[in-house]
Amino acid sequence: MFKKFTGILNSAVEALAPNASPVDNFTFHWKAVTSFFMEHRDAKSPIEETNIPTHLQNMIDILIYEEQQDDSGSTGPCMEYLLHHKLLETLYTIGRADCPPGMKQKVLLFFTSLLSKIKQPLLPHVNVFKAVHKLIRVCGEIKASPTEVEEMQFLCTVCAKLKAHPHVVNFFLEEARSSAANISAKADSNAQEFGLVDALLSMSYSADSRVAMKCCEGLILLTSLPEDAAATAILDHTKFLHEITTWLNTAYNHLPRSIDPAVVDGVEARWGIDHIKMSEAAFPGQRHIVNFLSLFDYCNILIKEAHSKISKALVLAIRKQFLEPAMKPDLLKDSEEQFIAPSAYLAKVLQFVNTDLLNQEMSNFIFEVDLESDLRSLSRTLIERCDDPSEMVGSLHLKLFDSLLQKPCEVTVYELVAKYLVSRAYADQSKLNSEEKSVSHTETSINTQPSPASPSLSHPGTPVSPDLETEYAQLFECNNENEPTPVTTIVNHYLNLVPESIKSSYQLADSGYEVYLNDACKQFSDINLLCSSWAWSADCALLQNEEEFFEGPFLRILFGRIAQMTEQSYSTNLLLTSLISKVALLPHQNIHEYLLDPFLPMKEGVTNLCTAFNELLNLVTVHCKNCKNISQKLIKKRNLLMGVTNLCTAFNELLNLVTVHCKNCKNISQKLIKKRNLLMGVFGGDLSDITADEDRFLGAIIVLEEFCKELAAISFAKHHIIF
């Protein structure tokens, strides 16, 4: 009662007294705060029952008003008072004691408001950054602290200020303290600690996902600072690398060990967006998978944004402290039940990699570039599993290498393909005279630089024109008027490879290879730009090499699977042809001629794509004799495959419509049944007269026909983009 009377009396006095200057008001509020602590040294009542929060807020308001009134940008008298009398140091001291209860929270809010709302740079002032630095040490000391939200806001505000003024970070680098706890500190008189990073790392373990995420954002800001001293301090005198790899190991250890690879492949996650509660998970373990993938996406962001020194150290730490000790042993296990899930996670991780540094290190990990060739077991094991009798295992590892080649690096291409072809031991040198070389190989040579003679493709990164198909068709017609060039011969070879009697695309409006030209041109332009800095020779190696040729385990398995397409599922065949297309797009001369030139003289017994096609077509010819009405069945199968896509699209549209209009839509069940019946009519009949073996056989023929068109488009696009 007495406190209320005192408050009313003070208000009355303030109302009757003449208007005081801002400095007088500022000092009045500050003295009101300090007098409280002089009179109540052991106050146990909550801070909300005092006038301290009001006084502190009034002080902030006065400082903001003062700055707004002065357009010169100079320091006003109230700010001078705050700096000269070391108000922030005093506030830190009383906030550290947290007496009365809640004082620490109010001090954190005061610091945060001061730094975020005052536009003039305050951190360079010695009486500001010292107090800020001391308050940083308090943050994260207590796990699940009632003030962790305010601590996070304060730390992130400091991070934002450092990002805006990077040179100020030097004020926050202090001499390393020699203690047993700091095991990473070096015996160096110039060693500097970075307490702000340590505080953020500590608070990143908060049970509140919003607090943890904001602290991770703060780490991104600090690691991206351009100051070399800050990068060195983060790497040498904080636990930054150790904590990041610990997060990865912990998340990986929580992943389910028995799961369908298709389920893993269907999971989508992005850091800062996805957060699935256990009750919302669509299947057991989904939350852990999303958390793991989100964390890996966070590493992508860190590597992309961080200082180059930190990025290089981080990718190496991910490999040495996570991939090799945690994932590699699981990938090398013999039991399918034990290696199938880790392989699925690796394939999914490769899809998430979107930085060159991490992509390079992932390739180094898979191909074990630091080991001798006879000690490399991981890449050999993963390649061998591509030919596993189990369709699930084989398809999964084909998918893994497909993801790896989606964003290829030089190590990947060299270890998988190039090193086996660089000697050109596949070619029959006795049949290659100088005249043949000058005619065929000069015109089909693959240069890693685009020709300025192709205006629509003068820059590899420019979008392909919608009318490009028409332009290429005209070019092709002009070429046909004269004696066919090697590229037109190659294109015609692939277009005529599948016999007309088993082609089924003639009924479509876009049945030619031109439908693949846009994609082929765009993909080759992108890959050509990517490979432009690689150490590849522009010409074939014209060595008189008599050694026995070996295409490498990877290509051998791919060619073997091509010959067995009639025995494989439709999805596996699509994945297989996608892999070969990615290899064929590479602007490496030896890879180009070995894969795409069917007229290059080869040594006897050499296996390549053409021999695999011939073996497949021999099997197809035999099967066709035993398959009645092959043409009609192929058309039905093609309609079915095309109808599946149409059906999925239509259902998605319907579900979106239902979500929006279900409240106003009557008899929704009946309407869904009608819509389904309508969509099923797209199939053009059922496949009741086709056996399972015939269905697989028909699917293989359709994939082969489309694959030949794609190879023709790739050959044509590579030639005309360069010439």
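Anyway, here's the lowdown on the structure attached to this text. Source: prediction; values computed, not measured.

On to the overall build of the chain, then. Within the chain one finds 31 helices and two strands. Within the span of the chain, comprising 723 residues, buried residues form 50% of the whole. Surface accessibility of the chain: about 35,300 Å² in total, with carbon and sulfur atoms responsible for 54%.

Moving on to helix 4 (residues 77-84). Turning to helix 4, its buried residues are Cys78, Met79, Tyr81, Leu82 and Leu83. Elements that come into contact with the buried residues of helix 4 comprise helix 2 (22-39), helix 3 (52-69), helix 5 (87-97), helix 6 (103-117) and helix 7 (126-138). Just downstream of helix 4 lies lysine 86, where phi reads positive at about 55°.

To continue, consider empty space enclosed by the protein. In this structure the tally under the stated criterion is two cavities of 30 Å³ or more. Approximately 40 Å³ is the volume attributed to the second largest cavity. Along the walls of the second largest cavity sit Leu63, Glu66, Glu67, Asp70, Ser74, Gly76, Met79 and Gln120, which together make up its complete lining. Here the residues of the lining of the second largest cavity are counted per class, giving two nonpolar, three polar and three charged.

Turning next to the packing of aromatic side chains. What the rule picks out here adds up to 18 aromatic pairs. Taking the centre distance of 6.2 Å and the plane angle of 80° together, the rings of tyrosine 205 and tryptophan 247 count as edge-to-face. Note that tyrosine 205 is positioned in the loop between helix 9 (195-203) and helix 10 (209-223) and tryptophan 247 in helix 12 (residues 240-253), a separation of 42 residues in sequence. Ring centres of tyrosine 252 and phenylalanine 292 lie 6.1 Å apart, and the angle between their planes is 55°; on these two criteria the pair is classed as tilted. With tyrosine 252 in helix 12 and phenylalanine 292 in helix 14 (residues 286-305), this pair connects stretches of sequence that are 40 residues apart.

One pass over the full model with this rule turns up 17 salt bridges. Lysine 214 is the partner of glutamate 217 in a salt bridge, and the nearest nitrogen-oxygen pair spans 3.5 Å. Placement of the pair is glutamate 217 and lysine 214 together in helix 10, with a separation of three residues, close to one helical turn. Measuring nitrogen to oxygen at the nearest pair gives 2.9 Å for the salt bridge that ties glutamate 324 to arginine 319.

The rules behind the values
- Residues numbered from 1 in each chain as written.
- Predicted model: local features only at pLDDT ≥ 70, side-chain atom pairs only at ≥ 80, totals over all residues.
- Heavy atoms only, no water.
- Helix = DSSP H or I, 4+ residues; strand = E, 2+ residues; numbered from the N terminus.
- Buried < 20%, exposed > 50% of the residue type's maximum accessible area, 1.4 Å probe, protein only.
- Areas by Shrake-Rupley, 256 points an atom, 1.4 Å probe, with all protein chains shown as cover.
- Contact = heavy atoms within 4.5 Å.
- 1 Å grid on protein atoms, 1.4 Å probe; cavity = no way out; pocket = protein on both sides within 12 Å on 5 of 7 lines; lining within 4 Å.
- Points joined across faces, edges and corners; volume = space filled by probe spheres on them.
- Nonpolar A, V, L, I, M, F, W, Y, C, P; charged D, E, K, R; others polar.
- Phe/Tyr/Trp six-rings, centres within 6.5 Å; stacked < 30°, edge-to-face > 60°.
- Salt bridge = Lys/Arg side-chain N within 4 Å of Asp/Glu carboxyl O.

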